[in-house]
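So you can see what is in the structure, the chains are spelled out below.
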Amino acid sequence: MFFKLSDEQEMIRKMVRDFAENEVAPTAAERDEEERFDREIFDQMGELGLTGIPWPEEYGGIGADYLSYCIAVEELSRVCASTGVTLSAHTSLAGWPIYKFGTEEQKQRFLRPLAEGTKLGAYGLTEPGSGSDAANMKTTAVKEGDDYILNGSKIFITNAGEAEIYVVFALTEPEQKHKGCTAFIIEKNTPGFFMGKKESKLGIRSSPTLEIIFDNCRVSKENRLGEEGDGFKIAMMTLDGGRNGIAAQAVGIAQGALDASVNYAKDRKQFGKPIGVQQGIAFKLADMATKVEASRLLTYQAAWRESEGLSYGKESAMSKLFAGDTAMEVTVEAVQVFGGYGYTKEYPVERFMRDAKITQIYEGTNEIQRLVISKMLLKD
Ligand code: CAA
């Protein structure tokens, strides 16, 4: 077993860290305050090749592995979790199912612009009445000749409004429940496809989250992803990898909070010496660092397994569960290390704490991760 990144992975980490610190960090607090998505940052990511890290060059990607992609999400999230999830949803939730299940024509038409960063991707599964119980969706897609007519709505859609390409799920045979679910690729300006309410959120405030609405939205069968009835499996398999992207986001948030805490603990003096050498804070930092490292190892392992063609669903659920809980714990502790200053917007740790919370909720709550892990254990 090797615990050393390859030269390519190290190079990607360095490139993304430079980009994150120079181009993303300076406006992170301001974008959070204003709930403002910055398309220019996404465009710059496209120019650097970050929007297509794991996809082959023939589809506009850079042909690197899933671990490199996780490192990129981690480094972005270390300074701005909103930018981290923009890339994670774009790559894992929109790009991956098209790469895996799309026809050659769909890959050239939809995956290529996603990989090149000329278009942004999103994924629509959750509905007002079906969050954890994803199979209980109500959106329908009725076949009419060579077209499908979609009706219904999806909520909490990351990147919505800004995205041009949406992978969504609807029932083509409602009486068959999840076995009657089919995946579709919907383009932004399709007639009958509308943006609904924009959420105002506790954290990841510069990542847009909107409702999307289908009102007699007609799409051709060329927009169907996979076969009729394959939709639920496509949705679940997509989340298997997506969850590890969120784990990487959580590792980045926790690392950002840890770095800020260590720096502060070295500088801040109370009782005549730095607070970092006083055991109450020193031991806190040690616990924080240990949990961040354990989260990182779980996350990298799951990404490595996916790149190697091994099973990774259970490992991704574990990494998301552990890294999400760690991000929450570590950021709460970071605010404690900073004391009163940590509670103000003068320092980034309060933002990290607000951002961490969502990693325990989206792409399946951490309760759902436990369900996924235990189901797989019992099946084994
Ligand atoms: N891979 C392949 N197939 C899978 C699968 C997987 N990982 N998981 C389930 N399936 C298949 C099963 O094999 C089964 O197939 P058959 O009918 O052929 O036997 C079928 O799917 C149904 O499986 P279950 O009976 O296990 O399904 P369930 O209804 O009990 O639900 C669940 C399982 C794990 C709870 C699922 O509903 C789930 O993951 N819920 C959470 C939803 C979620 O994560 N939403 C996130 C939204 S996206 C988001 O958050 C993005 C963002 O903002 C950034």
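By the naming in an unreviewed UniProt entry, the protein chain goes by Acyl-CoA dehydrogenase and is assigned to Evansella tamaricis.

Asker: It is not clear to me how the overall build of the protein chain should be interpreted in this structure. Could you clarify?
Answerer: Assigned secondary structure in the protein chain consists of 10 helices and 10 strands. Scaling as 2.2 N^0.38, a compact globule of 380 residues should have a C-alpha radius of gyration of about 21 Å, and the protein chain matches this with 21 Å. The C-alpha extent of the protein chain, read off along each of the three principal axes, is 80 × 45 × 40 Å. Classification of the 380 residues of the protein chain by burial places 56% in the buried group. Pairs at least 24 apart in sequence give 74% of the contacts found in the protein chain among residues at least 6 apart. Within the protein chain, the 57 negative side-chain charges are centred at a point lying 5 Å from the centre of the 45 positive side-chain charges.

Asker: How do you make sense of the site of the ligand when you look at a structure like this?
Answerer: Neighbouring the ligand are 25 residues, the closest being Ser 132, His 178, Lys 179, Glu 363 and Lys 375. One of the backbone nitrogen or oxygen atoms of Glu 363 is found 2.8 Å away from an oxygen atom of the ligand. Within the complex, the protein chains bury 73% of what would otherwise be the 1100 Å² of accessible surface of the ligand. Put simply, the ligand lies in the largest pocket. Those elements that provide at least two residues to the shell around the ligand are β3 (147-158), α6 (231-267) and α10 (366-379). It is α6 that contributes the most residues to the shell around the ligand, 7 residues altogether. Split into classes, the residues belonging to the shell around the ligand amount to 13 nonpolar, 6 polar and 6 charged.

Asker: Any chance you could explain the packing of aromatic side chains here in plain terms?
Answerer: Geometry of an aromatic ring pair is reported as the spacing of the ring centres plus the angle between the planes. For the structure on display, the rule yields 12 aromatic pairs. Between Tyr 264 and Phe 338, the aromatic rings sit 4.2 Å apart at their centres with planes inclined by 20°, giving stacked as the arrangement. Highlighted residues: Tyr 264 in helix α6 and Phe 338 in helix α8 (residues 313-338), separated in sequence by 74 residues. For Tyr 264, a relative accessible area of 10% gives the class buried. A relative accessible area of 4% places Phe 338 in the buried class.

Asker: Sorry if this is basic, but what is going on with the packing of helix α4 (residues 81-101) against helix α5 (residues 104-116) here?
Answerer: To describe two helices that pack against each other, one gives the angle between their axes and the distance between the axes. Two numbers describe how α4 lies on α5: the axes approach to 10 Å, and their chain directions differ by 155°. The angle between α4 and α5 falls in the class roughly antiparallel. The hand of the α4/α5 crossing is left-handed. Residue-level inspection shows His 90, Ala 94, Gly 95, Ile 98, Tyr 99 and Phe 101 of α4 in contact with α5, the latter providing Gln 106, Lys 107, Phe 110, Leu 111 and Leu 114.

Asker: Explain the pairing of strand β5 (residues 181-187) here, please?
Answerer: Successive residues of a regular strand alternate their side chains across the two faces of the sheet. For β5, a buried count of 6 out of 7 residues is recorded, marking the element as mostly surrounded by other parts of the structure. Where strand β4 (residues 165-171) meets β5, 7 bridges bridge the pair, whose relative direction is antiparallel. Bridge pairing in β5 links Val 167 to Ile 185. As paired elements, β5 and strand β8 (residues 224-225) share 2 bridges and run antiparallel to each other. Looking across to β8, one finds that Phe 184 is bridged to Arg 224.

Cut-offs applied
- Residues numbered from 1 in each chain as written.
- Predicted model: local features only at pLDDT ≥ 70, side-chain atom pairs only at ≥ 80, totals over all residues.
- Heavy atoms only, no water.
- Helix = DSSP H or I, 4+ residues; strand = E, 2+ residues; numbered from the N terminus.
- Rg over C-alpha atoms; globule rule 2.2 N^0.38 Å.
- Buried < 20%, exposed > 50% of the residue type's maximum accessible area, 1.4 Å probe, protein only.
- Contact = heavy atoms within 4.5 Å.
- Lys, Arg positive; Asp, Glu negative; His and termini not counted.
- Charge placed at Lys NZ, Arg CZ, Asp CG, Glu CD.
- Near = heavy atom within 4 Å.
- Polar contact = N/O pair within 3.5 Å; in protein donor to acceptor, adjacent residues only side chain to side chain.
- Areas by Shrake-Rupley, 256 points an atom, 1.4 Å probe, with all protein chains shown as cover.
- 1 Å grid on protein atoms, 1.4 Å probe; cavity = no way out; pocket = protein on both sides within 12 Å on 5 of 7 lines; lining within 4 Å.
- Sits in = over half its atoms within 2 Å of the grid points.
- Nonpolar A, V, L, I, M, F, W, Y, C, P; charged D, E, K, R; others polar.
- Phe/Tyr/Trp six-rings, centres within 6.5 Å; stacked < 30°, edge-to-face > 60°.
- Axes fitted to C-alpha atoms, helices over the stretch in contact; angles between N-to-C directions.
- Parallel < 35°, antiparallel > 145°, perpendicular 65-115°, else oblique.
- Left-handed = near helix turned anticlockwise from the far one by under 90°.
- Pairing = 2+ DSSP bridges.

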